[in-house]
Amino acid sequence: MDRPHPKPRSKLNDIQLRRNQLWKKSGGRCFYCGIQTSFKVSIKDPTYFTIDHLIPKCKGGKNAQSNLVAACRACNNARGHKSVFEFAGDKEDNTLRND
């Protein structure tokens with residue numbers, strides 16, 4: 001018996017699936033600051049869920065699952081193209097200055 005071929009997934013559906021999987025894997029928490037992220041807030045909201053590359057694409061990072069983490073918009077924007085270590089140092093400095 002011939003089975004109908006499943007519909008090919010669109011690239012947009014693949015991206016949405018990857019986002020949902022990463023959000024669930026992280027428990028919806030930002031890798032950097034630990035706050036709860038959300039899809040249900042404005043895209044401009046600092047708690048909006050984004051995907052960040054541990055090794056930035058501009059520095060040769062890939063879209064491999066092992067290079068992706070959940071991040072709130074605020075941390076993703078603040079990190080920019082810095083390495084994870086540079087960004088962690090910035091956050092540590094900010095914490096020390098605020099104490």
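A. Spotlight on the pattern of salt bridges. Evaluation of the coordinates by the stated rule reveals 1 salt bridge. For the salt bridge of R79 with D52, the shortest nitrogen-to-oxygen distance reads 2.6 Å. In this pair, R79 is assigned in helix α2 (residues 73-79) and D52 in strand β1 (residues 49-53), connecting sequence segments 27 residues apart.

B. Quick peek at the nonpolar core. Of all hydrophobic cores here, the largest spans 7 residues; its members are C30, Y32, V69, A71, C72, C75 and F87. Considering each element in turn, this core owes the most residues, 3 residues, to strand β2 (residues 68-72).

C. Representation of the side chain of R79 in the model. Judged by its relative accessible area of 1%, R79 falls in the buried class. The residues contacting R79, other than those within four sequence positions of it, are Y32, D52, H53, L54, I55, P56, V84 and F87.

The rules behind the values
- Residues numbered from 1 in each chain as written.
- Predicted model: local features only at pLDDT ≥ 70, side-chain atom pairs only at ≥ 80, totals over all residues.
- Heavy atoms only, no water.
- Salt bridge = Lys/Arg side-chain N within 4 Å of Asp/Glu carboxyl O.
- Helix = DSSP H or I, 4+ residues; strand = E, 2+ residues; numbered from the N terminus.
- Core = buried A, V, L, I, M, F, W, Y, C linked by side-chain atoms within 4.5 Å.
- Buried < 20%, exposed > 50% of the residue type's maximum accessible area, 1.4 Å probe, protein only.
- Contact = heavy atoms within 4.5 Å.

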